[in-house]
Amino acid sequence: MPRFTLRQLEYLVAVGETGSIARASERLNVSSPSISAAISQLEDELGISLFVRQHAQGLSITQGGRKVIDQAKHVLKEAATIADIASDVSGTARGPLAVGCLITFAQLVLPRMRAGYEAAYPDVRINQTELNQAEIFSALRRSDIDIALTYDMDIPTDLQFTGLVRLRPFALLSATHNHADKEEIDIKDLADLPMVLLDLPISTDYFLSLFEAVKQRPRIAERTRDMAVMRSMVGNGFGYSIANVRPQSDVSPDGLPLVCVPIAGSVRPLRMGLLTTQGAENSRTVRTFMNFARDQVACGALEPIGGEPL
């Protein structure tokens with residue numbers, strides 16, 4: 001029987017999904033040479049080529065490699081189930097936990113929450129992934145992630161959302177903007193001004209719905225899929241933007257002052273919370289992560305992002 005490790009299979013799946021050893025290295029926080037060596041060892045052990053190495057285009061999965069990767073995903077899922085059984089028997093959380101997070105606020109929430117959780121449960125090894133909303137839905141359904149931190153935006157009926165914090169939208173403005181000194185601003189007053197839209201799947205629909213609710217359409221001047229780029233464009237006067245999570249700094253990434261002005265009226269807030277598949281709480285690691293997240297909200301650990309605990 002061929003001899004290989006679960007760690008090698010984990011590296012294989014990561015390379016297959018990202019299409020690159022370098023990107024797999026970033027995802028897993030493991031050095032590229034370690035991943036490359038693991039793939040070569042697997043190929044030697046199995047006696048087949050899993051990837052075709054193309055100098056200019058990176059890696060291409062072979063037909064045999066695709067079949068092995070699909071089976072490796074099943075093996076890793078079953079291994080996680082074994083870890084859950086061991087956790088239930090021992091009464092402690094242990095094993096891998098794949099956590100996804102909405103890319104717009106991952107940098108403000110996930111590292112701190114992960115550090116606290118891993119300190120409390122040292123036998124759990126977290127693998128984190130930053131995704132947009134549509135990617136989170138797909139990753140949960142494919143079992144690529146076990147749980148996700150995200151907003152309650154267009155949640156499908158086959159997934160389960162548990163709210164943690166309610167976040168009202170605000171306008172992000174440069175400090176020199178005409179409305180920067182207001183205590184709050186009506187959404188109608190923004191409609192005719194140039195907007196820098198954070199253009200991500202499903203998130204975009206939410207931002208536009210704020211204007212549709214008052215029968216207005218925003219004047220979108222710029223679009224970006226990157227939160228940091230959006231803040232720099234606002235700071236440089238390309239327009240205002242809308243967000244729900246307050247930045248930790250009142251300056252843009254390139255050093256220009258920014259102002260957050262709450263949007264007035266009965267605008268729809270977003271709820272930040274945890275998204276899982278049905279029955280995911282049967283896993284002790286998922287259950288302890290959910291309980292830890294609730295405790296973090298209760299003790300005020302998420303207070304810097306603003307919002308009201310649910």
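The present account deals with the structure reproduced in this document. (Residues numbered from 1 in each chain as written. Predicted model: local features only at pLDDT ≥ 70, side-chain atom pairs only at ≥ 80, totals over all residues. Heavy atoms only, no water.)

**Observations regarding the sheet that holds strand β10 (residues 241-243)**
Note the threshold: A pair of strands is treated as paired once DSSP finds two or more bridges between them. Segments assigned H or I by DSSP are reported as helices when at least four residues long, segments assigned E as strands when at least two residues long, and all are numbered from the N terminus. The axes are straight lines fitted to the C-alpha atoms, using for helices just the contacting stretch, and the angles between their N-to-C directions are given from 0 to 180°. By definition, residues are in contact when any of their heavy atoms lie within 4.5 Å.
Spatially, 3 strands are ordered β10-β7-β11 in an open sheet, and the strand pairing comes out antiparallel. Looking along the sheet, the strands with just one partner apiece sit at the ends: β10 and β11 (258-262). Taking the axes of each pair of neighbouring strands and ignoring which way they run, one obtains an average angle of 35° across the sheet. By the bridge criterion, 3 bridges tie strand β7 (residues 170-174) to β10 in an arrangement that is antiparallel. Paired with Phe170 across the strands is Ala243, a residue of β10. Each of β7, β10 and β11 touches helix α9 (residues 227-235); the most contacted strand, β7, lies at about 55° to it.

**Examining the packing of aromatic side chains**
Short version of the rule: The pairing test for Phe, Tyr and Trp rings, Trp by its six-membered ring, is centres within 6.5 Å, and the orientation test on the planes gives stacked under 30 degrees, edge-to-face over 60, and tilted for anything in between. Under the scheme applied here, a residue whose accessible area is under 20% of the maximum for its type counts as buried, over 50% as exposed, and between as partly exposed, the area being computed with a 1.4 Å probe on protein chains only.
Going through the model one piece at a time under the given rule, you end up with 5 aromatic pairs. Each ring, one from Tyr117 and one from Phe292, has its centre 5.7 Å from the other, and the planes form 80°; the classification is edge-to-face. In this pair, Tyr117 is assigned in helix α5 (residues 106-120) and Phe292 in helix α10 (residues 284-298), connecting sequence segments 175 residues apart. Assigned by exposure class, Tyr117 and Phe292 land together as buried.

**Observations regarding the pairing of strand β8 (residues 194-198)**
Threshold: A clockwise path from the first strand over the helix to the second, with the strands pointing away from the viewer, defines a right-handed crossover.
Burial of β8 is extensive: 4 of the 5 residues sit out of reach of the surface. Two strands pair when backbone bridges link them, and β8 and strand β9 (residues 219-224) are joined in this way by 5 bridges, in the parallel orientation. When the bridges of β9 are listed, Leu198 appears paired with Thr224. In terms of handedness, the path from β8 via helix α8 (residues 203-212) over to β9 forms a crossover that is right-handed.

**Here we look at a negative patch on the surface**
In plain terms, the rule: Exposure above 30% relative accessible area and the lack of any salt bridge qualify a residue for a patch; like charges then connect within 9 Å, and the nonpolar side chains Val, Leu, Ile, Met, Phe, Trp and Tyr within 5 Å. Calculation of accessible area relied on Shrake-Rupley with a 1.4 Å probe; when residues are assessed, cover is drawn exclusively from the protein chains displayed. Salt-bridge detection follows one rule: a side-chain nitrogen of Lys or Arg within 4 Å of a carboxyl oxygen of Asp or Glu. His is not counted, nor are the chain ends, whereas Lys and Arg count as positive and Asp and Glu as negative. Charge coordinates come from a single atom per side chain, which is NZ of Lys, CZ of Arg, CG of Asp or CD of Glu.
There is a patch of like negative charges on the surface, built from Glu183, Glu184, Asp186 and Asp189. Along the chain, Asp189 turns up in helix α7 (residues 187-190). Judged by relative accessible area, which is 38%, Asp189 ranks as partly exposed.

**A closer look at helix α3 (residues 32-46)**
The following threshold applies: Multiply 1.5 Å by the residue count of a helix minus one, and that product is the helix's expected span. The directions from the helix axis to the C-beta atoms form the arc being described.
In this model α3 runs 21 Å from its N-terminal to its C-terminal C-alpha over 15 residues, within 8% of the 21 Å that 1.5 Å per residue would give. Among the residues of α3, those classed as buried are Ile35, Ala38, Ile39, Leu42 and Glu43. Seen along its axis, α3 keeps its buried residues to an arc of 135°; they face one direction. When the buried face of α3 is taken as reference, the exposed residues oriented beyond 90 degrees from it are Pro33 and Asp44. Turning to α3, the residues buried within the fold contact α1 (6-18), α2 (21-28) and β1 (51-54). Phi for Gly47, located one or two positions after α3, is positive at around 75°.

**A few points about unusual backbone geometry**
Within the chain, Ser143 stands out as a residue other than glycine whose phi angle is a positive 65°. With respect to the helices and strands, Ser143 occurs in the loop between α6 (133-141) and β5 (147-151). Residue Ser143 is classed as partly exposed on the basis of its relative accessible area, which comes to 35%. Backbone geometry at Lys215 places phi at a positive 55°, although glycine is not the residue there. When you line up the elements, Lys215 lands in the loop between α8 and β9. Under the relative-accessibility criterion, Lys215 is labelled exposed at 77%.

**Digging into the nonpolar core**
Proteins that are soluble and globular tend to have nonpolar side chains buried together. The condition that has to hold: To define a nonpolar core, start from buried Ala, Val, Leu, Ile, Met, Phe, Trp, Tyr and Cys residues and group those joined through side-chain atoms within 4.5 Å.
In terms of nonpolar packing, the biggest core is built from 72 residues, with Phe105, Leu149, Tyr151, Ile242 and Phe289 touching the most fellow members. Tyr151 has contacts with Leu102, Thr104, Phe105, Gln133, Phe161, Leu167, Asn244, Val245, Leu270, Arg271 and Met272, leaving out every residue within four places of it along the chain. Residues Val13, Val15, Val30 and Ile69 belong to the second largest nonpolar core, which totals 19 residues.

**Focus on the sheet that holds β5**
The 6 strands are arranged β4-β3-β5-β12-β6-β13 in an open sheet whose pairing can be described as mixed. The sheet terminates laterally at β4 (124-131) and β13 (308-309), the two strands that pair on one side only. Its contacts with the sheet place α5 against β3 (95-102), β4, β5 and β12 (270-277), and it is angled at close to 175° to β4.

**Digging into the packing of α1 against α3**
So the rule is basically this: Just so you know how the angles are binned, under 35 degrees is roughly parallel, over 145 roughly antiparallel, 65 to 115 roughly perpendicular, and the rest oblique. In this classification, the charged set is Asp, Glu, Lys and Arg, the nonpolar set is Ala, Val, Leu, Ile, Met, Phe, Trp, Tyr, Cys and Pro, and all remaining amino acids, among them Gly, are polar.
Two elements in contact, α1 and α3, have axes whose closest approach is 9 Å; the angle formed by their N-to-C orientations is 105°. Taken together, the axes of α1 and α3 lie roughly perpendicular to each other. Of α3, the residues touching α1 (which contributes Gln8, Leu9, Tyr11, Leu12 and Val15) are Ser34, Ile35, Ala38, Ile39, Gln41 and Leu42. Looking at the contact of α1 with α3 residue by residue, the classes come out as 8 nonpolar, 3 polar and no charged.

**What to know about the pattern of salt bridges**
Two side chains bearing opposite charge may form a pair once their charged atoms approach each other closely. The final tally for this structure, using the stated rule, is 9 salt bridges. One salt bridge connects Arg141 with Asp158, and the closest N-O pair in it is separated by 2.9 Å. With a gap of 17 residues between them, Arg141 in helix α6 and Asp158 in the loop between β5 and β6 (159-167) connect regions that are remote in the sequence. Owing to a relative accessible area of 45%, Arg141 belongs among the partly exposed residues under this scheme.

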